[in-house]
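# Descriptive structure summary
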Amino acid sequence: MAACSVLLALLLAALCAAQGWRRADAALGVNWGTVSSHRAPPAVVVDLMRANRIGKVKLFDADPAVLRALAGSGIQVMVGLTNGELSSVAGSQAAADAWVAQNVSRYVGRGGVDIRYIAVGNEPFLTSYQDQFQSYVIPAMTNLQQSLVKANLASYVKLVVPCNADAYQGSVPSQGVFRTELTQIMTQLAAFLSSSGAPFVVNIYPFLSLYQNSDFPQDYAFFEGSTHPLVDGPNVYYNAFDGNFDTLVSALSKIGYGQLPIAIGEIGWPTEGAPSANLTAARTFNQGLINHITSNKGTPLRPGVPPYDVYLFGLLDEEQKSILPGNFERHWGIFSFDGQAKYPLNLGLGNPVLKNAKEMPYLPSRWCVANPVRNLDSVSDHMKLACSMADCTTLYYGGSCYGIGEKGNISYAFNSYYQAQKQDAKSCDFNGLGMITYLDPSMGECRFLVGIDDSKSSAVASCGGCCGVFCGTWVLALWAFIYLRMMGSA
């Protein structure tokens, strides 16, 4: 009897350990984008999320290395069917079956990846796409749903469509409607989501409203209250998030789905690349958002009902993203590319501040700078080459390296290219204008980066998520087995 009590206690302890990571039920998650030439090993990124008790992650594809690292982590995952894959999956049940088998079924199960959602496209109704993907969305969802049914996953893995906020409009929230050309497809989408128990996913960016409109009240973009509130009948809106959210609520109500749960697929604030993009503003916005969500205050049209889930954009900086929208596109991360926290932030998940990544496999501590003994009059073409292949956005107005001087700019560009080329000695030549140094040339807030050693990433990633709670549980079980055998032979 005593032996059984010991075994029960051990099993309860193991269960408690496993449940500890199921704080994944918290509403806050992160977007993990990988558009970078300095990709941190997936296992290190997973450890970073676990250290910060982040229980939900949204991916933009179904990268096998990322999914392998997430196995056994207890983190709830949204994988992504890319816009480029929509047409094939929409046009063929066999293609949908193959996609689910390749990117979902093979990873789920005991000790596997906790995949909860498949994002069918990414903002496929975006106005700038000019209906390029619109006709594929519902057929793709229909085929994927059948694939999930065949795989016995339909009750667990839900289909969603992350939508841009330009899908709806209204001068005040109560007048919110979907764009005329989207009314029919949004009604079909809402019906699909309602029947499957999935939320409507929308991306909301008050930063972009401020960036794109010089008349937009700056304090209305944040959560500290506004001197320019929006009055909509009996409802008063003191921040852009609530106003945008309720505009969607109204749009859904007008098509008969006013009670459909809403999740925020992307929201955040960049740290540089525009006058309003800086560390202080990013921290103020994100902390205000988190406090707003965790207060369960809701919005005027949904009082006491916070969003279903909220995914911060983003986890890490991505220095290879297109800068057509603006230089800020490469600086949305709450962490830098190498998992270092940019500013103090309480995610409301148990840690008062962010914890940095550990065991990052950096390249050697060396940099490429302008050769001080060479005439730099002919450097222009080399600068253009370097900045076309690597990230130089921090050198421009609103960037952390703006104002470091001409030679500083040259050195920064040279080094960015050198690190992107994994410190290949030839990449620091620039026709003799560059030189390698072992002295860190960083100046003040301007950080000259050292890249990540990709050759070590695969080795680190291969064991990512292999242990964690599950190893601990098996160790306890083995210990209990040995203990019982000893008691039985006594």
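Residues numbered from 1 in each chain as written. Predicted model: local features only at pLDDT ≥ 70, side-chain atom pairs only at ≥ 80, totals over all residues. Heavy atoms only, no water.

### Some remarks on the state of the cysteines
Counting across every chain of the model gives three disulfides. At a sulfur-sulfur separation of 2.1 Å, the disulfide partner of C387 is C392. On the sign convention where negative is left-handed, the bridge of C387 and C392, at about -85 degrees about the S-S bond, is left-handed. Using a relative accessible area of 23% as the deciding quantity, one classes C387 as partly exposed. Look at C392 and you get buried, because its relative accessible area is 3%. With its sulfur 2.0 Å from that of its partner, C401 forms a disulfide with C446. Linking C401 and C446, the disulfide has an S-S dihedral of approximately 95 degrees and is accordingly described as right-handed. (Disulfide = S-S within 2.5 Å. Buried < 20%, exposed > 50% of the residue type's maximum accessible area, 1.4 Å probe, protein only.)

### Section: the sheet that holds strand β6 (residues 163-164)
Pairing in this open sheet of nine strands is parallel, and the strands run β5-β4-β3-β2-β1-β15-β12-β9-β6 from one edge to the other. Both outer strands of the open sheet, β5 (158-160) and β6, are each paired with one neighbouring strand and no more. Where strand β2 (residues 56-59) and strand β3 (residues 76-81) come together, three bridges link them in parallel fashion. Bridging from a neighbouring strand, K56 pairs with Q76 of β3. Against the sheet, helix α6 (residues 137-150) makes contact with β3, β4 (114-120) and β5, and its axis sits at roughly 155 degrees relative to β4, the strand it touches most. (Pairing = 2+ DSSP bridges. Helix = DSSP H or I, 4+ residues; strand = E, 2+ residues; numbered from the N terminus. Contact = heavy atoms within 4.5 Å. Axes fitted to C-alpha atoms, helices over the stretch in contact; angles between N-to-C directions.)

### Looking at a nonpolar patch on the surface
Residues V231, V236 and Y238 make up a contiguous nonpolar surface patch of about 260 Å² in total accessible area. The topology assignment puts Y238 in the loop between β11 (235-237) and α9 (240-254). (Patch = residues over 30% accessible without salt bridge, like charges linked within 9 Å, V, L, I, M, F, W, Y side chains within 5 Å. Areas by Shrake-Rupley, 256 points an atom, 1.4 Å probe, with all protein chains shown as cover. Salt bridge = Lys/Arg side-chain N within 4 Å of Asp/Glu carboxyl O.)

### What about the nonpolar core?
With 119 residues, the main nonpolar core has W32, L70 and F200 as its most contacted residues. Counting residues per element, this core draws most heavily on α9, at seven residues. In this view, L70 contacts W32, V46, M49, V57, L59, I75, V77, G112 and V113; residues no more than four positions away in its chain are not counted. (Core = buried A, V, L, I, M, F, W, Y, C linked by side-chain atoms within 4.5 Å.)

### Observations concerning helix α10 (residues 279-294)
The terminal C-alpha atoms of α10 lie 22 Å apart, and with 16 residues this matches the ideal 22 Å at 1.5 Å per residue to within 8%. Residues of α10 that are buried sit in contact with β1 (28-32), α8 (206-212), α9, β12 (262-267), β13 (298-299) and β15 (310-312). Here α10 starts with a cap whose side-chain oxygen sits 3.2 Å from the backbone nitrogen of T280, and that cap is N278. Within two residues after α10, N296 carries a phi angle of roughly 55 degrees, on the positive side. (Expected span 1.5 Å × (residues − 1). Polar contact = N/O pair within 3.5 Å; in protein donor to acceptor, adjacent residues only side chain to side chain.)

### Some details on the packing of helix α11 (residues 380-389) against helix α12 (residues 406-420)
The N-to-C vectors of α11 and α12 enclose an angle of 45 degrees; their axes lie 8 Å apart at closest approach. Compared by their axis directions, α11 and α12 come out oblique. The handedness of the crossing between α11 and α12 is left-handed. Judged by residue contacts, H382, M383, A386, C387 and M389 of α11 engage N409, I410, A413, F414 and Y417 from α12. Along the lines of polarity and charge, the residues of the contact of α11 with α12 split into eight nonpolar, two polar and no charged. (Parallel < 35°, antiparallel > 145°, perpendicular 65-115°, else oblique. Left-handed = near helix turned anticlockwise from the far one by under 90°. Nonpolar A, V, L, I, M, F, W, Y, C, P; charged D, E, K, R; others polar.)

### Let's talk about the confidence of the model for the protein
Of the residues in the protein, 88% have a pLDDT of 70 or more, and the chain-wide mean is 90. The low-confidence segment residues 1-26 (pLDDT under 50) makes 32 contacts with residues lying over four places distant or belonging to another chain. Predicted confidence is poor over residues 459-490, with pLDDT under 50, and the contacts of this stretch with residues over four places away or in other chains come to 33 contacts. (pLDDT = per-residue confidence, 0-100.)

### Here we look at the pattern of salt bridges
Across all of its chains, the model carries 12 salt bridges by this definition. Linking R179 and D166 is a salt bridge whose minimum nitrogen-to-oxygen distance equals 3.5 Å. Of the two residues, R179 sits in the loop between β8 (177-178) and α7 (183-196) while D166 sits in the loop between β6 and β7 (168-169), which places them 13 residues apart along the sequence. Relative accessible area serves as the criterion here: at 8%, R179 is assigned to the buried category. Since its relative accessible area comes to 22%, D166 is described here as partly exposed. The closest approach of N and O atoms between R179 and E181, which form a salt bridge, is 2.7 Å. Each of D166, R179 and E181 takes part in salt bridges that share partners, so that together they form one network.

### Quick look at the side chain of T437
The residue T437 is located in strand β17 (residues 434-437) in this model. Look at T437 and you get buried, because its relative accessible area is 14%. From its side chain, T437 meets the backbone nitrogen of L439 in a polar contact 3.1 Å long. Setting aside anything within four residues of it in sequence, one finds T437 in contact with R366, W367 and V369.

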